[in-house]
Amino acid sequence: MSAKVGYRKERLDRGIKARTDDIFAISTYREILYLILPRVFVIAGLLIFPLLGDFTGVYWQNVIVITCTIALLALSWDLLHSVGLVSLGQAVFFGVGAYITGFLAQQFGLPPLVTIPLATVFGALVCTMLLYPVLRLRGVYFGLITFALPLLFMRIIETTKVLGGTEGMSGLPALPSIAISLYIIITITLVCVFGFQRLFETDYGLVLKAIKDNDRSVIAAGFNISWFKAQAVFIAALPATFAGAFLTHHYQFVGIPAFATDYSILPLASAIVGGPGSFFGAMLGAFLLVPLSELLRDLGTLRIVIYSVILLIFVVGLPEGLYPYLRRKYFQFERVVSMELEEGGK
Amino acid sequence: MSKETILEVRNLSKNFGGVKAVSEVSFQLKRGEALGVMGPNGCGKSTLINLITGFIKPSSGQVFYQGKDITGIAPHKAVNLGIARSFQMAKPFYNIPVYKNLIIPLFSPRVRKLVGGKFGDRDEAAIHLLEDVGFERDSSIPYKAAGSLPHGYVKRLELARCLSLEPDLIILDELFSGMSMSEVASILPFLERLRDEGKTLIMVEHRLKELFRVVDKVVVLNFGKKIAEGLPEEVVQNEEVRKSYLGSEVDSSA
Amino acid sequence: MEASVLIFGLVNSATLMLVALGFSLIFGLSGVANLAHGGIYLFSGYVTWMLMNYLGVPFLLAVPLTIIIAGVLGALIYWVALKRVRGLHLSEVIATFAVGVAILELFRWMGFVTYEFTLPVFIKGSVDIAGVSIDYQRLLIIGIGLLLAFALWVFSRYTKMGLALRGMAQDEYTALSIGIDSDWAAALSMALGSAIAAIAAISILPLGIISINMGYEVLIMALAVSVVGGLESITGLVVASIILGFAKTITGTYFDPKWMEVIYLFALVLVLAIKPSGLFGKFKELEERV
């Protein structure tokens, strides 16, 4: 039997990775740097950006505000997905937060500093209560109801003319300045990304993750999973209702567009493209797709078609998403090694 | 040791669209006893377990646990009262490392209450439990995602999950199914030890020889009805039991 | 007044049933919640319109052509979007959702939003029944709805193909082992469901103008009927259509027409809160609880 020599790619974990994915064995400063440098770049970049107003111009500052808004919605989606719930209507959370803040500001003349936190918490509560009945069910029900809710909210506001009807509510109090707005939303986004990441490393987060894997065994471990899912929905709703409340004051307007499909499909596409299950992925996805969508502004609703197609390509063809791919590349060597092939082998 | 009744099942029935999966089953179990539930395939063994643990609501009948009526209890509440069960089709949390699979029950309300506030190191407790059921301590297996576990280990993990809840009553639904002879042989002494330590056990099993080594008495089901109850040696002599197992040999040498 | 409520209640019920049939069929036969249903429905309406107005195809020929094209589209959606994520329910939902939104927004972008987009009725004119004037098209909708529901019931119960598909839905592995090709069966059910959506579109759209938002609305209607009736039960579908159809008509007649569309939300939330498996979803509930 004559041996032929073939080549194959071999993947090796870098030395700093030990045993499981989240335990690192660090021994030198270089390795520490290797671990934290990507985070430092992201945080520093985002914190410095608002200072560069003169270079970037108001337009791109606004783009970053919207990007962070979508990133927050995508983070919210990703948290829900981590518990096994697929939301097809992130716009519900966004719209509820937006309308509550608008209502509080217009009816009671409260400043944004008060209305935004109130709308965030109350909005999340309202959404959790709305969705609670579906949490008992497995499978597609959550997706169906989240899809239906924003459309029906739009319809109710249209027909009953409550909350400003089709006109919406305008002239709401503004945030002090664009730089402050930027700092607020960037900080919140970073807190959410790292906070969620940390949350899922705790034992509590482990239970949430386990519900997606096998809800039956979680019940058999003595957990009331409806209650846990409700908590997850509440936590997930917070960044999304905040995003709605924040953008309402940013635009000084709230109307039916707060429930528009854009706020459902863009976060969904961001999270899927970035890689579901890794909160950094959701953020990465938003920072890729939203600026892209600004560049394509002239295309009108064709943009939604494009997101849908991107979404489809990723969910069908590249379900892993970009972030886990990049992360793997970052933490692994690849090298070509030779191997002996037996006769008749491939 | 006090011999109070820990579990009593009274006339328990369940209909699935006209089919009587379990009908009028009654039995009692004293603390520290080990009960085997046997019967041919599809005789309602698993349904019975699901009825006791609250995963399915009974059509009629009652379940008493430590003197309390727990008929149709929410399954997570049954766990918190101290009833732990394994599943016939054991599925681990695939994407979670093996030892972290046990963090979930160790984090459960019951265990947190029993331990009282601080637990200390759940990771360490999890590794200990894995060792107990036969995982090798220094291998890398406990740190890998549970999705990659071979079947025998999945079953061990399932057993460890039950034990981690510090249960008063352990219900094992076909723990041995799909395990090889040697795997069963290696886990049997552990079950015997559990019994000798005075744990209350219910085992649903097909492998009678192994079952009889652990249990004190058995209940035999056929077509959802209880057809016999008693000591293992007596039950296998029972004519009706023999008939129900027609074709599959009842091993009386056990 | 009573007669009109009865007649228009029936019309509304039949409309709901027609709209929900395709969705329910696909869910029942292949377990896919086809969120592209609204997209396919509207696509069929526009295809008929385009066949007639761009290519000058006569209406009677455009109808069967559209039904076939919609069927092909359904099968295509299966092969492109669903085949690789089969069994991953969460991904299936996202994939069909993406397809549906893509179709609808593509038409919106192409400018299919003005008043010129209408489909002709089959037979013009109207008739008086018990003092209520009703046009033939609405009567036709009742007829087609009943006929289709009956045909599907027969199909899924008494034909070889229907039984094969149902077997697939119940136990994929067993079905595979007796030689039913899973992909073929699922693609076929998508095609059938889409063709039925096309029939619904061609019968219902002539009553008004075609608008994009109708695509979303149709999906909501289908969801409401399916959830209220209990996904995958034909009896449930018929009963739910009648309940919702009459609820809608009664609301419109005795209360305020503007609340008519909100009925669906109300019904959805109510059913999900009280009996989440739907009125006829008995077995589902068993499974869902565990």
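See the structure printed just above.
All values derive from a computational prediction rather than experimental measurement. (Residues numbered from 1 in each chain as written. Chains lettered and ligands numbered in written order. Predicted model: local features only at pLDDT ≥ 70, side-chain atom pairs only at ≥ 80, totals over all residues. Heavy atoms only, no water.)

Turning our attention to the overall build of chain C. Within chain C, the regular secondary structure consists of 12 helices and 2 strands. Across chain C, helices and strands are ordered from the amino to the carboxyl terminus as α-α-α-α-β-β-α-α-α-α-α-α-α-α. A globule of 290 residues ought to have a C-alpha radius of gyration of about 19 Å, and chain C, at 19 Å, matches this closely. Overall size of chain C, expressed as C-alpha extent along the three principal axes, is 60 × 50 × 35 Å. Scored against the burial criterion, the 290 residues of chain C give a buried share of 55%. When contacts within chain C are restricted to residue pairs at least 6 apart in sequence, those whose partners lie at least 24 apart make up 74%. If you average the places of the 15 positive and of the 17 negative side-chain charges in chain C, the two averages end up 4 Å apart. (Helix = DSSP H or I, 4+ residues; strand = E, 2+ residues; numbered from the N terminus. Rg over C-alpha atoms; globule rule 2.2 N^0.38 Å. Buried < 20%, exposed > 50% of the residue type's maximum accessible area, 1.4 Å probe, protein only. Contact = heavy atoms within 4.5 Å. Lys, Arg positive; Asp, Glu negative; His and termini not counted. Charge placed at Lys NZ, Arg CZ, Asp CG, Glu CD.)

Another point: the overall build of chain B. The number of helices and strands found in chain B is 10 helices and 10 strands. Against the globule reference of 18 Å for 254 residues, chain B gives a C-alpha radius of gyration of 18 Å, in line with a compact fold. The C-alpha extent of chain B, read off along each of the three principal axes, is 50 × 40 × 40 Å. With 254 residues in all, chain B has 56% of them scored as buried. Counting only contacts in chain B whose residues sit at least 6 apart along the sequence, the fraction spanning at least 24 positions is 65%. In chain B, which carries 34 positive and 31 negative side-chain charges, the distance between the mean positions of the two groups comes to 7 Å.

The next subject is the packing of aromatic side chains. The relation between two aromatic rings is expressed through the spacing of the ring centres and the mutual angle of the planes. Across all of its chains, the model carries 23 aromatic pairs over all chains by this definition. Measuring from ring centre to ring centre gives 5.9 Å for Phe147(A) and Phe97(C), while their planes differ by 80°; the resulting arrangement is edge-to-face. On the criterion of chain membership, the pair formed by Phe147(A) in helix α5 (residues 141–160) and Phe97(C) in helix α4 (residues 89–109) is interchain, its members lying in two chains. Ring geometry for Phe43(C) against Phe107(C): centres 6.3 Å apart, planes inclined by 55°, an arrangement best described as tilted. (Phe/Tyr/Trp six-rings, centres within 6.5 Å; stacked < 30°, edge-to-face > 60°.)

All names here are of chain A. Locating Ile185 in the fold gives a position in helix α6 (residues 178–199). On the accessibility criterion, Ile185 (0% relative accessible area) is buried. In this structure, the C-alpha to C-alpha distance between Ile185 and Val65, residues 120 residues apart in sequence, is 6.9 Å. Setting aside residues no more than four positions away along its own chain, Ile185 makes contact with Val65, Cys68, Thr69, Leu72, Phe242 and Phe246.

What follows covers the nonpolar core. By size, the foremost hydrophobic cluster in this structure holds 262 residues, and its most contacted members are Ile104(B), Leu159(B), Leu172(B), Phe176(B), Leu191(B) and Tyr41(C). In this view, Leu172(B) contacts Ser86(B), Leu159(B), Cys162(B), Leu191(B), Leu201(B), Ile202(B), Met203(B) and Val204(B); residues no more than four positions away in its chain are not counted. Among the nonpolar cores identified, the runner-up in size contains 28 residues, and Leu12(B), Leu48(B), Ile171(B) and Leu221(B) belong to it. (Core = buried A, V, L, I, M, F, W, Y, C linked by side-chain atoms within 4.5 Å.)

Together, Tyr29(A), Ile32(A), Leu33(A), Ile36(A), Leu37(A), Val40(A), Phe41(A) and Val42(A) give the surface a local cluster of nonpolar side chains, amounting to about 780 Å² of exposed area. As for its position among the elements, Val40(A) is in helix α1 (residues 29–48). (Patch = residues over 30% accessible without salt bridge, like charges linked within 9 Å, V, L, I, M, F, W, Y side chains within 5 Å. Areas by Shrake-Rupley, 256 points an atom, 1.4 Å probe, with all protein chains shown as cover. Salt bridge = Lys/Arg side-chain N within 4 Å of Asp/Glu carboxyl O.)

The interface is formed by 41 residues belonging to chain C together with 40 residues belonging to chain A. Together, the buried faces of chain C and chain A total about 4100 Å²; carbon and sulfur atoms form 80% of this surface. The tally of links from chain C across to chain A stands at 1 salt bridge. The shortest N-O distance in the salt bridge between Glu217(C) and Arg155(A) comes to 2.8 Å. (Buried area = accessible area lost by both parts, 1.4 Å probe.)

The next point concerns the pairing of strand β8 (residues 200–204) of chain B. Residue and element names in this part refer to chain B. Among the 5 residues of β8, 5 are classified as buried, and the element is accordingly described as predominantly covered. Neither face of β8 is exposed, since Thr200, Ile202 and Val204 on one face and Leu201 and Met203 on the opposite face are all buried. Inspection of the sheet shows strand β3 (residues 34–38) paired to β8 by 4 bridges, in the parallel sense. When the sheet's bridge partners are listed, Leu35 is paired in β8 with Ile202. Here 5 bridges tie strand β7 (residues 169–173) to β8, and the two strands are oriented parallel to one another. Bridge pairing links Leu172 to Met203 in β8. (Pairing = 2+ DSSP bridges.)

This part takes up unusual backbone geometry. All names here are of chain B. Of note, Gln66 is a non-glycine position whose phi angle comes to about 50°, a positive value. Inspection of the secondary structure assignment puts Gln66 in the loop between β4 (60–65) and β5 (68–69). Of the residues examined, Gln66 reaches a relative accessible area of 36% and is grouped as partly exposed. Unusually for a residue other than glycine, Glu166 sits at a positive phi of about 45°. Take Glu166: its relative accessible area is 44%, and that puts it in the partly exposed class.

Attention shifts here to the state of the cysteines. Residues and elements named next belong to chain A. Applying the stated criterion across every chain yields a total of 0 disulfides over all chains. Left without a disulfide partner, Cys68 is nearest to the cysteine sulfur of Cys192, which lies 11 Å away. Owing to a relative accessible area of 1%, Cys68 belongs among the buried residues under this scheme. We note that Cys127 lacks a disulfide partner, and the nearest cysteine sulfur, in Cys192, lies 15 Å from it. (Disulfide = S-S within 2.5 Å.)

Attention now goes to the sheet that holds strand β9 (residues 217–222) of chain B. Residues and elements named next belong to chain B. As summarised here, the arrangement of the 6 strands in space is β6-β7-β8-β3-β9-β10, forming an open sheet in which the pairing is mixed. What marks the edges here is a single partner per strand, and that holds for β6 (83–85) and β10 (225–230). The mean inter-strand angle of the sheet, taken between neighbouring strand axes irrespective of direction, is 15°. Contacting β6 and β7, helix α6 (residues 151–164) runs over the sheet at an angle of about 160° to β7. Contacting β3, β7 and β8, helix α7 (residues 181–196) runs over the sheet at an angle of about 140° to β8. (Axes fitted to C-alpha atoms, helices over the stretch in contact; angles between N-to-C directions.)

Residues and elements named next belong to chain A. As a packed pair, helix α2 (residues 53–82) and helix α9 (residues 225–251) sit with axes 8 Å apart at the nearest point and diverge in direction by 165°. Relative to α9, the element α2 is oriented roughly antiparallel. Of the two elements, α2 crosses α9, and the hand of that crossing is left-handed. Here α2 contributes Asn62, Val65, Ile66, Thr69, Leu72, Leu73, Ser76, Leu79 and Leu80 to the contact with α9, which in turn contributes Ala232, Val233, Ile235, Ala236, Pro239, Ala240, Phe242, Ala243, Phe246, Leu247, His250 and Tyr251. (Parallel < 35°, antiparallel > 145°, perpendicular 65-115°, else oblique. Left-handed = near helix turned anticlockwise from the far one by under 90°.)

All names here are of chain B. Read across the open sheet, the 4 strands follow the order β2-β1-β4-β5; overall the sheet is antiparallel. Each of the sheet's edge strands pairs with one partner strand only, and the pair in question is β2 (19–30) and β5. With 8 bridges connecting them, strand β1 (residues 5–16) and β2 associate as antiparallel partners. Bridging across to β2, Val9 finds its partner in Phe27. Each of β1, β2 and β4 is contacted by helix α1 (residues 45–52), which is oriented at about 115° to β1, the strand it contacts most.

Before going further, it helps to examine the side chain of Ser76(A). When you line up the elements, Ser76(A) lands in helix α2. Those residues within four positions of Ser76(A) in sequence are excluded, and the remaining contacts are Gln90(A), Phe93(A), Ala236(A), Pro239(A) and Ala240(A).

Time to look at helix α10 (residues 262–274) of chain A. In an α-helix there are 3.6 residues to a turn, and that puts residues three or four apart on one side. Residue and element names in this part refer to chain A. Helix length check: α10, at 13 residues, gives a terminal C-alpha distance of 18 Å against a target of 18 Å (1.5 Å per residue), a fit within 8%. Along α10, 12 of the 13 residues are buried, which leaves the element largely enclosed by surrounding structure. Every buried residue of α10 is accounted for by Tyr263, Ser264, Ile265, Leu266, Pro267, Leu268, Ala269, Ser270, Ala271, Ile272, Val273 and Gly274. Note on α10: the residue one or two positions beyond its end, Gly275, has a positive phi of about 115°. (Expected span 1.5 Å × (residues − 1).)

Helix α3 (residues 98–106) of chain B packs onto helix α7 (residues 203–213) of chain A with a crossing angle of 100° between their chain directions and a minimal axis gap of 9 Å. When the axes of α7(A) and α3(B) are compared, the pair comes out roughly perpendicular. In contact with Asp203(A), Leu206(A), Val207(A) and Ala210(A) of α7(A), α3(B) contributes Lys100(B), Ile103(B) and Ile104(B). Residue composition of the contact of α7(A) with α3(B), grouped by class: 5 nonpolar, no polar and 2 charged. (Nonpolar A, V, L, I, M, F, W, Y, C, P; charged D, E, K, R; others polar.)

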